[in-house]
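Chain by chain, the residues:
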Amino acid sequence: MVAAPGKADLVLHEGLVLGHPGIDSVAISRGLIVAHGPFAELKPLVGPRTHLITLAGRTVAPGFIDSHLHFREAAAAATGVSVQRCRTVGDLLADLRLAAGKTPPGNWMRAFGCDEALLLDKRGPTRAELDESLPKNPLRLRHQTLHATWLNSRAIALLGLEAPGFNPPYGANMIRDAAGKLTGLVVGMEMWLSDHLPPVTVAEAESRARIMSRELAAAGVTAFTDATTRNGPVEVEQFAKLAQSNAICQRVCVMIGGQHLDAADRCEQLARAAGISLAGAKFMPGYQYDPAGLSRSVRSALECGLDCAFHVTEIEELEESIVAIEAVKTQFDGVPEMPRFRLEHGGIITPNYIDRLMAAGVWVATNPGFIYFRGPKYATEPGLVAHLYRARSLKDANVHLVGATDAPVTPARPLAAIAAAVSRTSLDGVELAPAEALSVQDAFALFTSDAAGLARLEAGVIEPDHLADLIVLPRDPFSLNAADLMNLVVDMTIVGGRVVYERGRPAIASSDSADLRST
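Cut-off values and rules
Residues numbered from 1 in each chain as written. Predicted model: local features only at pLDDT ≥ 70, side-chain atom pairs only at ≥ 80, totals over all residues. Heavy atoms only, no water. 1 Å grid on protein atoms, 1.4 Å probe; cavity = no way out; pocket = protein on both sides within 12 Å on 5 of 7 lines; lining within 4 Å. Points joined across faces, edges and corners; volume = space filled by probe spheres on them. Nonpolar A, V, L, I, M, F, W, Y, C, P; charged D, E, K, R; others polar. Helix = DSSP H or I, 4+ residues; strand = E, 2+ residues; numbered from the N terminus. Buried < 20%, exposed > 50% of the residue type's maximum accessible area, 1.4 Å probe, protein only. Pairing = 2+ DSSP bridges. Axes fitted to C-alpha atoms, helices over the stretch in contact; angles between N-to-C directions. Salt bridge = Lys/Arg side-chain N within 4 Å of Asp/Glu carboxyl O. Core = buried A, V, L, I, M, F, W, Y, C linked by side-chain atoms within 4.5 Å. Contact = heavy atoms within 4.5 Å.

Visitor: Please clarify how empty space enclosed by the protein should be interpreted in this entry.
Guide: A probe matching the size of a water molecule, rolled over the atoms, marks out where space remains unfilled. Inspection of the entire model under this criterion finds 2 cavities of 30 Å³ or more. If you add up the space inside the largest cavity, you get close to 40 Å³. Contributing to the lining of the largest cavity are Val 83, Gln 84, Cys 86, Arg 87, Leu 92, Gly 113, Cys 114, Asp 115, Leu 118, Leu 119 and Gln 144. The residue makeup of the lining of the largest cavity, split by class, is 6 nonpolar, 3 polar and 2 charged. There is about 40 Å³ of room inside the second largest cavity. As for the second largest cavity, its lining consists of Ile 65, Ser 67, Thr 225, Arg 342, Ala 451, Leu 454 and Ala 455. Those elements that place two or more of their residues in the lining of the second largest cavity are β7 (64–69) and α19 (449–455). Each residue belonging to the lining of the second largest cavity can be placed in one class, and the counts come to 4 nonpolar, 2 polar and 1 charged.

This is how it looks when you write it as structure tokens:
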């Protein structure tokens, strides 16, 4: 139903409106915020077809924008075999055996979430252990960082990795034991492996997407950027279809890999037709490019009008990226709507780089959730901790900073990442570089107003003429400490004025046809 002319489609009333003390209501029409104020002043906007949602003292806030995640990988992890919670190799193998018992012999098993640095054994599973646990199924067990994989012997044989004359892809590292036999751990082959495993069916991909999109909605995510470097025209078209079919209810931005620049125009056409956005080109310094090749590719991306994103977790990647940015930036000075440079992760940033980042106008998409979920790994490297996932020092230097979960590397829960940005404390209670802590307001902005600026979305704040991408929280987040933020739930998520998630209601009740006239 459509509201009468001059009337709101939806009014959220009798609560708190984040950022607007003394105001209790928000009115929405045609997907945009049209007004906020005391409910008594908004009543003229209420017509017979206006949906009214009583907040009952709850807080309406801007929806979260996750500036860097891997949607398909997160969907596969959310709907498949995850070993992320395992803390020993024995527990991991037990979980894999249990999953294998439910899988027909011969079928591929895909599992996710092993990181030897977070296991008490401080090692990953051996090939022999995987063979013993899964004798009838080929296995791909992805590293939690998404940059490595463990394979059992059945998988190695099917992929031909030990066949005479096998030529591994550029940058691959196939780990071998002292006798020269493959251990099962392969690094830098993720794209190759994805291309050589049986493809996921269209129906399965859509089912996974619906489940993952709802999981994101339950976490308050209203928009995200997929930062998967293998994205090209095929993947952009897949995202386009998922968005058009409403399998994904969030606003979608997609990066393409730097190796697909020759298809940038095609990707842009596909994205525009489906109402999704092309977020730019992503580069992997040190993996796919030498320094000179990186500069050439960045220049080509800028000529296409694309933002340029760089995977940066190590100091060597940071150096290569900033050198490439500085080399090409001067050639585009004065260009209207200059494309943006962004560092993904910014895992290690030493003080001597901060002024260079500011001078180059670089955006940093940081991962504060890594402090919490992966903190035990970093605590073993005390010399690096002071430079780890900086926040306060970058803010103080006026470096553009946004937040991201990097799901499935960490859970797709912006509130957990916000809490970690405030506390700088790992899940085992170790404080890591507390001087880099942010206030709750600044941490919240990483996933709202600041993220909207990078994504070029008129969102992230509750103001008229901005997108009605909102969430309802049971409490005012600005009044909470980090521990309470970590455990805060999302009651409702709204994208473009449409309720896409309501806690406690099944998915059908969050659809276009749901009657949410009053709650």
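Visitor: Whenever I open this one, the pairing of strand β11 (residues 148–151) confuses me. Can you help?
Guide: On any regular strand, side chains alternate: one points to one face of the sheet, the next to the other face. Burial along β11 is two-sided: the residues Ala 148 and Trp 150 and Thr 149 and Leu 151 are all buried. Where strand β10 (residues 139–143) lies against β11, 3 bridges are found, and the strand directions are antiparallel. For Arg 140, the partnering residue across the bridge sits in β11 and is Leu 151. Counting the residues between successive antiparallel strands, the hairpin from β10 to β11 contains 4 residues, one of them, Leu 146, with a positive phi of roughly 70 degrees. In the sheet, β11 pairs with strand β13 (residues 182–187) via 3 bridges, with the strands oriented antiparallel. Bridge assignment links Thr 149 to a residue of β13, and that residue is Val 186.

Visitor: I'm lost on the sheet that holds strand β20 (residues 400–403) in this one. Help?
Guide: By definition, the strands of a sheet pair up through backbone hydrogen bonds, in either a parallel or an antiparallel sense. The parallel open sheet is built from 8 strands, whose spatial order is β7-β14-β15-β16-β17-β18-β19-β20. Every interior strand has two partners, whereas the edge strands, β7 and β20, have only one. The average undirected angle you get between the axes of adjacent strands in this sheet is 25 degrees. Inspection of the sheet shows β7 paired to strand β14 (residues 221–226) by 4 bridges, in the parallel sense. Residue Leu 69 lies in a different strand from β14, and its bridge partner there is Asp 226.

Visitor: Can you help me understand the pattern of salt bridges in this one?
Guide: Side chains carrying opposite charge are able to pair once their charged atoms draw close together. One pass over the full model with this rule turns up 22 salt bridges. Asp 195 is the partner of Arg 230 in a salt bridge, and the nearest nitrogen-oxygen pair spans 2.4 Å. Of this pair, Arg 230 sits in the loop between β14 and α8 (233–244) while Asp 195 sits in helix α6 (residues 190–196), and the two are 35 residues apart along the sequence. Looking at Asp 195, the relative accessible area reads 52%, which means it is exposed. Among the salt bridges present, the one from Glu 436 reaches Arg 390, with a minimum N-O distance of 3.1 Å.

Visitor: Help me understand the nonpolar core, please; the structure alone is not making it clear to me.
Guide: Considering soluble globular proteins, one finds that nonpolar side chains tend to be buried as a cluster. One finds Phe 310 and Leu 357 to be the most contacted residues of the largest nonpolar core, which totals 84 residues. Among the elements that make up this core, the one with the highest residue count is helix α17 (residues 414–423) (6 residues). Once residues within four sequence positions are removed from consideration, Phe 310 is found in contact with Phe 283, Pro 285, Leu 294, Val 298, Ser 321, Ile 325, Phe 341, Arg 342, Leu 343 and Glu 344.

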